[in-house]
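A look at the structure
Single-letter residue listing:
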Amino acid sequence: MFILAEMTDVVKVPPWMFHLKLNEAIEQELNKKLANKVVYELGLCIALFDITKLEDSHIFPGDGSSHTKVHFRYVVFRPFVDEIVVGKIKSCSREGVYVSLGFFDDILLSSDSLQHPSRLYPL
């Protein structure tokens, strides 16, 4: 269900964050960029686990930001096919059933994928 994904990215740290330690600034920028986002063929990114390697930082002409190549591990929600996941029903409509996993609320089980016969009992 949850995996640690090893990733590499060039992180841009703006000048107003230079008062922070480099690791802290990079952590904030990585979480701003990836947390609660779905990465194609990877899954839903939850949070930064750790930074494994920092390469040299560069400041390019005309840009006051620091650009650093970072190797890091990120906690990712990636359920496999036919995995059973326990959640709570948030609501239901003619489209289907909306389910919450606690940390993620945007799951729709379409009415076509529900067992037949199934009925809607509105509250």
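Keep in mind it's a predicted model, so treat the numbers as computed, not measured.

Turning our attention to the side chain of serine 66. Along the chain, serine 66 turns up in strand S4 (residues 66-77). Excluding residues that lie within four positions of it along the chain, serine 66 makes contacts with Val11, Lys12, Val13, Phe18, Ser57, His58 and Ile59.

We note that asparagine 36 has phi near 65°; this positive angle belongs to a residue other than glycine. As for its position among the elements, asparagine 36 is in the loop between helix H1 (22-34) and strand S2 (38-39). With phi around 70°, aspartate 82 is a residue other than glycine that occupies positive phi space. Structurally, aspartate 82 is set in the loop between S4 and strand S5 (88-92).

So, on to the pattern of salt bridges. For the structure shown, the criterion picks out five salt bridges. Between aspartate 50 and arginine 73 there is a salt bridge, and its shortest N-O distance comes to 2.7 Å. Here aspartate 50 is found in strand S3 (residues 43-59), whereas its partner arginine 73 is found in strand S4, with 23 residues between them in sequence.

Pairing is antiparallel across the open sheet formed by three strands, whose spatial order is S5-S6-S7. Of all strands in the sheet, those with a lone pairing partner are S5 and strand S7 (107-110), marking the two edges. Within this sheet the neighbouring strands show an average axis-to-axis angle of 35°, counted without direction. As judged from the four bridges shared by S5 and strand S6 (residues 96-100), these two strands associate in the antiparallel manner. Each bridged residue has a counterpart across the sheet, and for serine 91 the counterpart in S6 is tyrosine 98.

So, about the environment of glycine 62. Within the secondary structure, glycine 62 is located in the loop between S3 and S4. For glycine 62, a relative accessible area of 93% translates into the label exposed. Measuring from C-alpha to C-alpha, the distance between glycine 62 and aspartate 9 comes to 21 Å, with 53 residues separating the pair along the chain.

Residues Met1, Phe2, Val85 and Phe103 make up a contiguous nonpolar surface patch of roughly 310 Å² in combined accessible area. Note on placement: valine 85 falls in the loop between S4 and S5. Residue valine 85 is classed as partly exposed on the basis of its relative accessible area, which comes to 31%.

About the cut-offs
Residues numbered from 1 in each chain as written. Predicted model: local features only at pLDDT ≥ 70, side-chain atom pairs only at ≥ 80, totals over all residues. Heavy atoms only, no water. Helix = DSSP H or I, 4+ residues; strand = E, 2+ residues; numbered from the N terminus. Contact = heavy atoms within 4.5 Å. Salt bridge = Lys/Arg side-chain N within 4 Å of Asp/Glu carboxyl O. Pairing = 2+ DSSP bridges. Axes fitted to C-alpha atoms, helices over the stretch in contact; angles between N-to-C directions. Buried < 20%, exposed > 50% of the residue type's maximum accessible area, 1.4 Å probe, protein only. Patch = residues over 30% accessible without salt bridge, like charges linked within 9 Å, V, L, I, M, F, W, Y side chains within 5 Å. Areas by Shrake-Rupley, 256 points an atom, 1.4 Å probe, with all protein chains shown as cover.

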